[in-house]
Amino acid sequence: MDIKGKTVMVTGANGGIGGALVRALLGEGVAKVYAAARSTDTVADLVQGGDGRVVALQLDVTQSASVRGAAEQCRDVDLVMNNAGINRCVGFMGSSAMEDARLEMEVNYFGTLAMCREFAPVLASRGGGAIVNVCSIIGLVNLPVNGTYCASKAAGHSLLQGLRAELAPRGIRVIGVYPGPVDTKMTAGQEMPKATPDEVAAAILAGVEMGDEYIFPDPMSRHVHAMLEKDPRQVERDFGAMVGG
Ligand SMILES: NC(=O)c1ccc[n+]([C@@H]2O[C@H](COP(=O)([O-])OP(=O)(O)OC[C@H]3O[C@@H](n4cnc5c(N)ncnc54)[C@H](OP(=O)(O)O)[C@@H]3O)[C@@H](O)[C@H]2O)c1
């Protein structure tokens, strides 16, 4: 897909990767970006820096009326980037795991599903387009310290596989993004090598332009993906050994 001149929806636009995506899209010459956030105040800087091309949109992906309203309002979208997500950083045996797992499923899985269901007809009415779902490399192998989050991202991975087949006849491409650790609010306080949101956003747009279906946007995600291709059981054991305290 040639991104130049397109109209794009980015969810979680006030977050680390979301904000970087909006800025990178502007740099690629998009016609318009809907910067969707739960509070539009949080994307005021993007609107200000967007030379009239950034439109703030109130959106909570867990609220069906909010998602439906967004799809009704944004009839001119060519590319939907489902980036909103949460990570409660708990294992399955954590004291709050049931509640945290449900919250993560609500945002990461059901929220993304609702967005895809509401926006697919919008894209189809314009002759096709693309949906980019930001999954995670730990949606492909469970990292137990973030166990419930990984399960929600694994559900997201399965969602995009199924959607890819269902939406292809309507001319809609479904693209999965599988980042490793990225330096955003989500990983604040976690000491480990992290990619920058800007480098991840640039790699995502390059992958969309190239026609990739799977995008591994940083060195860690590419490394883990290569290991998963070679020996998935060994990666599971290695990640399982990182159980923590
Ligand atoms: N950072 C990483 O290491 C990493 C790695 C792999 C994948 N990812 C994925 O990348 C995506 C972006 O994360 P990030 O790293 O940029 O984290 P972030 O800075 O915390 O951004 C997360 C964004 O999601 C939004 N959000 C949360 N719940 C929402 C809801 N119910 N409705 C609408 N928006 C909601 C947040 O808005 P509020 O400010 O209103 O909460 C925020 O804008 C997520 O899907 C995440 O799982 C991140």
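Quick caveat, the model's predicted, so the values are computed rather than measured.

Visitor: Give me the site of the ligand: which residues, what numbers.
Guide: Taken together, 28 residues surround the ligand, and among them N14, R38, Y149, V182 and T184 come closest. Contacts to the ligand include G85, whose backbone N or O atom sits 3.2 Å from an oxygen atom. At a separation of 2.9 Å, an oxygen atom of the ligand approaches a polar side-chain atom of K153. Here the ligand loses 92% of its free accessible area of 900 Å² to cover by the protein chains. Residue assignment for the shell around the ligand shows that the elements contributing at least two residues are helix 1 (16-27) and helix 5 (147-167). Residues of the shell around the ligand, tallied by class, amount to 13 nonpolar, 11 polar and four charged.

Visitor: Lay out the nonpolar core in plain terms, naming residues and giving numbers.
Guide: Across soluble globular proteins, nonpolar side chains have a tendency to be buried as a group. Counting 40 residues, the largest nonpolar core has M9, V77, V80, M115 and F119 as its most contacted members. Where this core is concerned, the elements lending two or more residues are strand 2 (32-37), helix 3 (64-73), helix 4 (97-125), helix 5, strand 6 (172-177), helix 7 (219-230) and helix 8 (232-240). With seven residues, helix 4 is the single largest residue contributor to this core. Not counting residues within four places of it along the chain, the set of residues in contact with V77 comprises T7, M9, Y34, F119, V122, L123 and R126.

Visitor: Lay out the sheet that holds strand 7 (residues 214-215) with the relevant residues and their values.
Guide: Ordered by their spatial adjacency, seven strands build an open sheet running 3-2-1-4-5-6-7, and the pairing between neighbours is parallel. If you trace the sheet from one side to the other, it starts and ends with strand 3 (54-58) and strand 7, each paired once. Two elements, strand 1 (residues 7-10) and strand 4 (residues 79-82), share three bridges in a ladder whose sense is parallel. Of the residues in strand 4, the one forming a bridge with V10 is M81. Sheet strands touched by helix 5: strand 5 (129-134), strand 6 and strand 7. Its angle to strand 6, the strand with the most contacts, is close to 160°.

Visitor: Before we move on, could you go through the packing of aromatic side chains and cite the residues and values that matter?
Guide: What the rule picks out here adds up to three aromatic pairs. Consider the rings of Y178 and Y214, whose centres lie 5.8 Å apart with planes at 20°: the pair is stacked. Of this pair, Y178 sits in the loop between strand 6 and helix 6 (197-210) while Y214 sits in strand 7; the two residues are 36 residues apart in sequence, bridging distant segments of the chain. On the basis of relative accessibility, which here comes to 0%, the residue Y178 falls in the buried class. The exposure class assigned to Y214 is partly exposed, which follows from its relative accessible area of 35%.

Visitor: An account of the packing of helix 1 against helix 6 is requested, with residue identities and associated values reported.
Guide: Relative to each other, helix 1 and helix 6 sit at 55°, their axes nearing to 8 Å. The orientation of helix 1 relative to helix 6 falls into the category oblique. Crossing of helix 1 against helix 6: the hand is right-handed. Each of G16, I17, A20, L21, R23, A24 and L25 in helix 1 lies in contact with helix 6, whose residues at this interface are P197, D198, V200, A201, I204 and L205. Split by residue class, the contact of helix 1 with helix 6 holds 10 nonpolar, one polar and two charged.

Visitor: Any details on the pattern of salt bridges? Residues and values, ideally.
Guide: Two side chains with opposite charge may pair up if their charged atoms get near one another. One pass over the structure, following the stated rule, counts eight salt bridges. D76 is paired through a salt bridge with K32; the nearest N and O atoms lie 2.7 Å apart. Residue D76 is found in the loop between helix 3 and strand 4, and its partner K32 is found in strand 2; the two are separated by 44 residues along the sequence. Residue K32 is classed as partly exposed on the basis of its relative accessible area, which comes to 24%.

Visitor: Kindly report on the pairing of strand 6, identifying the contributing residues and their values.
Guide: In terms of residue burial, strand 6 counts as a mostly covered element, since five of its six residues are buried. For the crossover from strand 5 across helix 5 to strand 6, the handedness is right-handed. Two elements, strand 6 and strand 7, share two bridges in a ladder whose sense is parallel. Paired with G176 across the two strands is Y214, which belongs to strand 7.

Rules and cut-offs
- Residues numbered from 1 in each chain as written.
- Predicted model: local features only at pLDDT ≥ 70, side-chain atom pairs only at ≥ 80, totals over all residues.
- Heavy atoms only, no water.
- Near = heavy atom within 4 Å.
- Polar contact = N/O pair within 3.5 Å; in protein donor to acceptor, adjacent residues only side chain to side chain.
- Areas by Shrake-Rupley, 256 points an atom, 1.4 Å probe, with all protein chains shown as cover.
- Helix = DSSP H or I, 4+ residues; strand = E, 2+ residues; numbered from the N terminus.
- Nonpolar A, V, L, I, M, F, W, Y, C, P; charged D, E, K, R; others polar.
- Core = buried A, V, L, I, M, F, W, Y, C linked by side-chain atoms within 4.5 Å.
- Buried < 20%, exposed > 50% of the residue type's maximum accessible area, 1.4 Å probe, protein only.
- Contact = heavy atoms within 4.5 Å.
- Pairing = 2+ DSSP bridges.
- Axes fitted to C-alpha atoms, helices over the stretch in contact; angles between N-to-C directions.
- Phe/Tyr/Trp six-rings, centres within 6.5 Å; stacked < 30°, edge-to-face > 60°.
- Parallel < 35°, antiparallel > 145°, perpendicular 65-115°, else oblique.
- Left-handed = near helix turned anticlockwise from the far one by under 90°.
- Salt bridge = Lys/Arg side-chain N within 4 Å of Asp/Glu carboxyl O.
- Right-handed = clockwise from strand over helix to strand, strands pointing away.

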